[in-house]
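Each chain is listed here by its residues.
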Amino acid sequence: MILVVGGCGYIGSHLVKELIKETEVIVLDNLSTGHRWAVDDEAIFIKGDLGERKDLENIFSKYQIDAVMHFAASSLVGESVVNPSKYYQNNVVSTLTLLDVMMKYNVKKFIFSSTAAVYGLPEESLLTEKSNTKPINPYGKSKLMIEKILEDYSNAYDLNYITLRYFNAAGAHKSSLIGEDHNPETHLIPLILNHLLGKIDKISVFGNDYNTEDGTCIRDYIHVTDLARAHILALNALLNGKKKVETYNLGNGKGYSVNEVIKTCEVITGNKAVVEYVNRRPGDPAYLVASSEKINFDLDWKANYNLKEIIESAWSWHKKR
Ligand code: UFG
């Protein structure tokens, strides 16, 4: 039985949709940002908080958990700059509580959701897992802190874990039953699509004076179902004892500028966007693109969806919502 913490969130719910086909799943979520409807009834759902030791003790004492997948986190770069306390509390302190309860109940397999934000201002055009980690915002720092804590727990308590560093998650499930649904929405692709649906009157681009070809930021967009698949491969590697401790990047290996993303959305929807160029957003690096060669080599994972397919799936979801 696998415990998915934060399984009602955007990425967690896409993972649960795939994992439920293979094994029994318990979802723990406090529903602060996730949605109950995003999780299938076949999964056992428990409303609770990973920072509450008693909520966790109730689960670990009742169920035989083989591994934990941890998606619950605050994850907005801009918010983390103005409210770091929230980020260290939710992402570091609460995760420590989870890890300590896991150790108490002898659950020693863990998949951790990390982020490209651990790299800070990249020094290479393609980031590998060996690239320097110098996060420039509290969100990235909070995730890197847990990465370091995991190393120590592995040495001291024999924890087996895989850390997955996501680049820009986007897109929606092929069923269009679940997709990206944040409130408030801050991510680029859903904002553009909401604008093209007439829900917001323009799209603001944060900076066109970066040192990139068209002056706007470049990101590596990765389909949420590709992320889900990577989690299942990682989980199986841990369960089969093939991997003990590993960190993998998850991206497409190809960067697109904000302008290029807007253009692709216009082509797919057939609508023209109203674009306004505004100041840079604090905490944004100019360029973030992944090398995912390591997970390709070790676990035979590679991204199946390109940018066009990612946006097409997001568009089907947004139109239906
Ligand atoms: N952007 C705009 N206008 C908007 C929203 C976004 O121009 O209204 C730009 C951003 O400046 C950025 C790009 O679009 O250049 C993508 O922004 P998102 O907010 O969609 O995503 P981020 O790159 O900020 O965030 C992602 C992940 C984080 C991760 C971060 C690493 O969601 O978890 O990458 O920098 F930490």
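Residues numbered from 1 in each chain as written. Predicted model: local features only at pLDDT ≥ 70, side-chain atom pairs only at ≥ 80, totals over all residues. Heavy atoms only, no water.

### Overview of the site of the ligand
The criterion, for reference: Near is defined per residue: the residue qualifies when any heavy atom it owns lies within 4 Å of the molecule or strand. Throughout this description, a polar contact denotes any pair of N or O atoms lying within 3.5 Å of each other; where both atoms belong to protein, one of them has to be capable of donating a hydrogen while the other can accept it, and for residues adjacent in sequence the pair is counted only when both atoms sit in side chains. Accessibility throughout is a Shrake-Rupley quantity obtained with a 1.4 Å probe, and a residue counts as covered only by protein chains that appear here. Each helix is a run of H or I in the DSSP string that is no shorter than four residues. Each strand is a run of E no shorter than two, and both are numbered from the N terminus.
In the region of the ligand, 20 residues are neighbours, and Leu188, Ser204, Arg219, Arg281 and Asp284 sit closest. One of the backbone N or O atoms of Ser204 is found 2.7 Å from a nitrogen atom in the ligand. Arg281 is positioned such that a nitrogen or oxygen atom in its side chain is 2.6 Å from an oxygen atom of the ligand. Summarising the interface, the protein chains cover 93% of the accessible area of the ligand, which totals 680 Å² for the free molecule. Those elements that provide at least two residues to the shell around the ligand are helix H6 (188–196) and strand E8 (203–206).

### A look at the nonpolar core
As a reminder of what qualifies: Definition of nonpolar core: a set of buried residues of the types Ala, Val, Leu, Ile, Met, Phe, Trp, Tyr and Cys, connected through side-chain atoms within 4.5 Å. The buried label applies to any residue whose accessible area, calculated with a 1.4 Å probe on protein chains only, is under 20% of its type's maximum; exposed applies above 50%, and partly exposed to all values in between. The contact criterion used throughout is that any non-hydrogen atoms of two residues lie within 4.5 Å.
Of all hydrophobic cores here, the largest spans 36 residues; its most connected members are Val4, Leu15, Leu19, Met69 and Leu164. Looking at this core, the elements that each hand over two or more residues are strand E1 (2–5), helix H1 (10–19), strand E2 (25–29), strand E4 (67–70), strand E6 (160–166), helix H7 (224–239), strand E11 (245–250) and helix H9 (293–299). Per-element accounting of this core gives the leading share, nine residues, to H7. Dropping the residues within four chain positions of it, Leu15 is found in contact with Val4, Met69, Phe71, Ala228, His231 and Ile232. Counting residues in hydrophobic clusters, the runner-up holds 28 residues, among them Leu28, Leu50, Phe60 and Tyr63.

### A closer look at the packing of H1 against H7
Condition: Helix axes are fitted to C-alpha atoms over the stretch in contact, other axes to C-alpha atoms as well, and angles between N-to-C directions run from 0 to 180 degrees. Orientation categories follow fixed angle ranges, with anything under 35 degrees roughly parallel, anything over 145 roughly antiparallel, 65 to 115 roughly perpendicular, and all other angles oblique. Should the near helix be turned anticlockwise from the far one by less than a right angle, the crossing is left-handed, and should it be turned clockwise, the crossing is right-handed. When residues are sorted by character, Ala, Val, Leu, Ile, Met, Phe, Trp, Tyr, Cys and Pro go into the nonpolar class, Asp, Glu, Lys and Arg into the charged class, and all the rest, Gly among them, into the polar class.
One way to put it is that H1 packs onto H7 with a least axis distance of 9 Å and a crossing angle of 60°. Here H1 lies oblique to H7, going by the angle between them. You can see that H1 and H7 cross each other, and the crossing is right-handed. Side by side, H1 and H7 meet where Tyr10, Ile11, His14, Leu15, Glu18 and Leu19 of the first sit next to Val224, Thr225, Leu227, Ala228, His231, Ile232 and Leu235 of the second. Of the residues contributing to the contact of H1 with H7, the split by class is nine nonpolar, three polar and one charged.

### Some remarks on H1
Among the 10 residues in H1, 10 count as buried, and that is most of the element. Every buried residue of H1 is accounted for by Tyr10, Ile11, Gly12, Ser13, His14, Leu15, Val16, Lys17, Glu18 and Leu19.

### A short note on the side chain of His223
Turning to its location among the elements, His223 is positioned in strand E10 (residues 221–223). The class of His223 is buried, set by a relative accessible area of 0%. For His223, the side chain forms a polar contact with the side chain of Ser313, separated by 3.0 Å.

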